[in-house]
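Analysis of the macromolecular model
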Amino acid sequence: MRQAGSTSNVASVVVIGVDPRAMGQIRETLGTEAALPGQSTKYEDALGVIRKLRPDVVIAGFDQDFEEAIRLAPQIVAENGRTRLVALAAHANPDHIRAAMRAGYREFVVLPDDAELLRQAVHEAIYQEGGDEDHGEVVTIWGSKGGAGSTFLAVNLAAELSPVHRVCVVDLDFSMGDVAAFLDIQPTQSMSDLLRNLHKIDERMLAGYVIVHPSKVHALAQPTDLEQREEVKGDTVMRILTTVARSYQYCIVDCGSRLDEASLTAATVADRILLVSSPDVPGIKNTWRRLQLLERLGIERNRIHVVINRWDRKDAAFTLADVESNIQRKVDATVSFDRAAARSVNEGKLLRDVDKKCPAARDIESLVGLVTDGEIAVEKRTAGPMGWFSRFSGG
Ligand SMILES: Nc1ncnc2c1ncn2[C@@H]1O[C@H](COP(=O)(O)OP(=O)(O)OP(=O)(O)O)[C@@H](O)[C@H]1O
Ligand SMILES: [Mg+2]
């Protein structure tokens, strides 16, 4: 049941670090829907004011002092997890959006374009079902190169979770997206419809855009005819994933292998990232490069899991120990090379419906442990030589 988070129907708002013009825009946008302060609070006074007023919403300006706005967020969240943080900026700078998400901001708005979003954020702040702890887990699956198996793993992992959890696969591969094809469903509604209505999306509307597979896996799919679209921006992706995570216990994001704004944002907001690699030199090399990139973006190592797909121990050119010494971290899981995988894809079936006892199906079953904090099985390692790393690292 939905509970009111505030004693009144008007959200109390504290505004930090914005100039009078932006303050005017906020006032114009929120009208009587929020109890607004007369003026903006300075960054240095923010914590004291927030402690005193315990507002439903804090709107922090990013243009005057971006670093201060970032520094304040975790402190505000630590003091009162219910306070909804909204970042306000004059431009949607992708680096700032990612930094905002990492710091704990729930929305990133540029006025007047995002007026509806700001109103909605304020409205939801007083009718929320509790805090962030009610959000589902976002698991981002990212291939280190094309064809690594991200869609195959996203769909089949979701199917493993679906008997006990509400799960939605989000197809964020805007250039190739084939989640619907893997599930053998012609999408009558899709990500395109959602993007057109994103300014007013809520959990109820989201249900109208997802397709439902008999396995109970839901999917926010790309349309059959991919449209020519400009790169989808970080704040858009953030909004999509936040909405899905509010409705589902698991949001499995198929990012494909592209290094674009959508995948970087999904990696930033994810609770876990499964970095999927093929067991070959280009795949491992790119895994190493992606790991470096994720580190540069400030994404904690313990959120990242390396999965080697199509692993064939008997035929592998190198051992897992080789791979680990080359990527300088452990391999968290392997999924066996399995002809049933290709068959399942070609037939538009889940792997377990083709052969539920095949090696890859068993491996995907144990991947569930990785995303639900259980133990997982990785094939026993044997030490081996490492010669080929020097080919790509120069080391
Ligand atoms: N474990 C496996 N064993 C054998 N074949 C596999 C395995 N995993 C995936 N495949 C095959 O690899 C193909 C590519 O997989 P998939 O489409 O999931 O990769 P992707 O990373 O999503 O690729 P893209 O970059 O095109 O989005 C599949 O059609 C499937 O036939
Ligand atoms: Mg794919």
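For the structure, see preceding data.
Right, let's walk through the structure included here. (Residues numbered from 1 in each chain as written. Chains lettered and ligands numbered in written order. Predicted model: local features only at pLDDT ≥ 70, side-chain atom pairs only at ≥ 80, totals over all residues. Heavy atoms only, no water.)

1. Here's the deal with the nonpolar core
Operational definition: Here the nonpolar core consists of buried residues drawn from Ala, Val, Leu, Ile, Met, Phe, Trp, Tyr and Cys, with membership extended through side-chain atoms lying within 4.5 Å. Note on classification: 1.4 Å probe, protein chains only; a residue is buried when its accessible area is under 20% of the maximum for its type, exposed when over 50%, partly exposed between these limits. Runs of E in the DSSP output that reach at least two residues are strands. Runs of H or I that reach at least four are helices, and both are numbered from the N terminus. Two residues form a contact once any of their heavy atoms are found within 4.5 Å.
In terms of nonpolar packing, the biggest core is built from 49 residues, with Val170, Leu172, Met191, Leu194, Leu220, Ile240 and Val244 touching the most fellow members. Sort the elements by how many residues they give to this core and helix α12 (residues 281-296) lands first, with six residues. Those residues in contact with leucine 220, other than ones at most four positions away along the chain, are Cys168, Val169, Val170, Asp171, Ser190, Met191, Leu194, Leu206, Tyr209, Val210, Ile240 and Val244. Residues Ala333, Cys358, Ala361 and Val368 belong to the second largest nonpolar core, which totals 41 residues.

2. Here we look at the pattern of salt bridges
Oppositely charged side chains can pair when the atoms bearing their charge come close. To keep things clear, this is the line we draw: Counted as salt bridges are all cases of a side-chain nitrogen of Lys or Arg within 4 Å of a carboxyl oxygen of Asp or Glu.
Applying the stated criterion across every chain yields a total of 19 salt bridges. Between aspartate 193 and arginine 196 there is a salt bridge, with its nearest N and O atoms 2.8 Å apart. A residue pair is termed a helical-turn pair when its members lie 3 or 4 positions apart in one helix, as aspartate 193 and arginine 196 do in helix α8 (residues 191-196) at three residues. Look at arginine 196 and you get exposed, because its relative accessible area is 53%. A salt bridge links arginine 329 to aspartate 332; the nearest nitrogen and oxygen atoms lie 3.0 Å apart. One exposure class covers both arginine 329 and aspartate 332, and it is buried.

3. Some words on the packing of aromatic side chains
Each aromatic ring pair is described using two quantities: the centre-to-centre distance and the angle formed by the ring planes. In plain terms, the rule: Ring geometry is summarised as follows: Phe, Tyr and Trp rings, the Trp one being its six-membered ring, pair when their centres sit within 6.5 Å, and such pairs are stacked at plane angles under 30 degrees, edge-to-face over 60 and tilted between the two.
On inspection of all chains with the given rule, the structure shows three aromatic pairs. Considering the side-chain rings of phenylalanine 62 and phenylalanine 66, the 5.6 Å spacing of their centres and the 65 degrees angle between planes classify their relative orientation as edge-to-face. According to the relative accessible area criterion, phenylalanine 62 is buried, its value standing at 2%. Each residue in the set Phe62, Phe66, Tyr105 and Phe108 is aromatic and connected to the rest through ring pairs, giving one cluster.

4. Overview of the site of ligand 1
Under the convention used in this document: Here a residue is near a molecule or strand as soon as one of its heavy atoms is found within 4 Å of it. Any pair of nitrogen or oxygen atoms within 3.5 Å is treated as a polar contact; in protein, a donor-acceptor pairing is required on top of that, and neighbouring residues in sequence qualify only through side-chain atoms on both sides. Only the protein chains shown count as cover for residues, and the accessible areas themselves come from Shrake-Rupley with a 1.4 Å probe. Gly is placed with the polar residues, together with every amino acid not listed as nonpolar (Ala, Val, Leu, Ile, Met, Phe, Trp, Tyr, Cys and Pro) or charged (Asp, Glu, Lys and Arg).
Lining the immediate surroundings of ligand 1 are 19 residues, of which Gly149, Ser150, Thr151, Phe152 and Arg310 lie closest. Between ligand 1 and threonine 151, the relevant distance is 2.8 Å, taken from an oxygen atom to a side-chain nitrogen or oxygen of the residue. Measuring from a nitrogen atom of ligand 1, one finds a backbone N or O atom of serine 336 at 2.9 Å. Protein burial of ligand 1: of its 640 Å² of free accessible surface, 86% is covered by the chains. Elements with a minimum of two residues in the shell around ligand 1: α6 (150-161), β12 (304-311) and α14 (339-347). Classifying every residue of the shell around ligand 1 by side-chain character gives eight nonpolar, eight polar and three charged.

5. Focus on unusual backbone geometry
Cis peptide bonds are those with omega within 30 degrees of zero, and the linkage from leucine 111 to proline 112 qualifies with 10 degrees. Among the structural elements, proline 112 can be located in the loop between β5 (107-110) and α5 (115-126). In this structure, arginine 310 takes a positive phi of about 60 degrees despite not being glycine. Tracing the chain through its elements places arginine 310 in strand β12. The phi angle at glutamine 328 is positive, at roughly 60 degrees, despite the residue not being glycine. Here glutamine 328 lies in the loop between α13 (320-327) and β13 (333-336).

6. So, the packing of helix α2 (residues 43-53) against helix α3 (residues 66-79)
Condition: Lines are fitted to the C-alpha atoms to define the axes, a helix being fitted only along its stretch in contact, and any angle between axes, read from their N-to-C directions, falls within 0 to 180 degrees. Any angle from 65 to 115 degrees is called roughly perpendicular, while one under 35 is roughly parallel, one over 145 is roughly antiparallel, and all others are oblique. With the far helix as reference, a near helix turned anticlockwise by less than a right angle produces a left-handed crossing, and one turned clockwise produces a right-handed crossing.
Interhelical geometry of α2 versus α3 gives an angle of 15 degrees and a closest axis separation of 10 Å. Taken together, the axes of α2 and α3 are roughly parallel relative to one another. Where α2 crosses over α3, the handedness of that crossing is right-handed. Every residue of α3 that contacts α2 at Tyr43, Ala46, Leu47, Ile50 and Arg51 is listed here: Glu68, Ala69, Leu72, Gln75, Ile76 and Glu79. Of the residues in the contact of α2 with α3, the class split is seven nonpolar, one polar and three charged.

7. Observations concerning the sheet that holds strand β4 (residues 84-89)
The criterion, for reference: Here, a strand pair is defined by DSSP locating no fewer than two bridges between the strands.
Reading across the sheet, the five strands line up as β2-β1-β3-β4-β5 and stay open at both edges, with parallel pairing between neighbours. In this open sheet, the two edge strands, each paired with only one partner strand, are β2 (34-35) and β5. Taken strand by strand, α3 contacts β1 (11-16), β3 (57-61) and β4, and its axis lies near 170 degrees from that of β4.

8. Quick notes on the sheet that holds β12
As summarised here, the arrangement of the eight strands in space is β8-β9-β7-β10-β6-β11-β12-β13, forming an open sheet in which the pairing is mixed. Among the strands making up the open sheet, the edge pair consists of β8 (211-212) and β13. Most of the contacts of α12 go to strand β11 (residues 272-277), to which it runs at about 155 degrees, and overall it touches β6 (137-143), β11 and β12.

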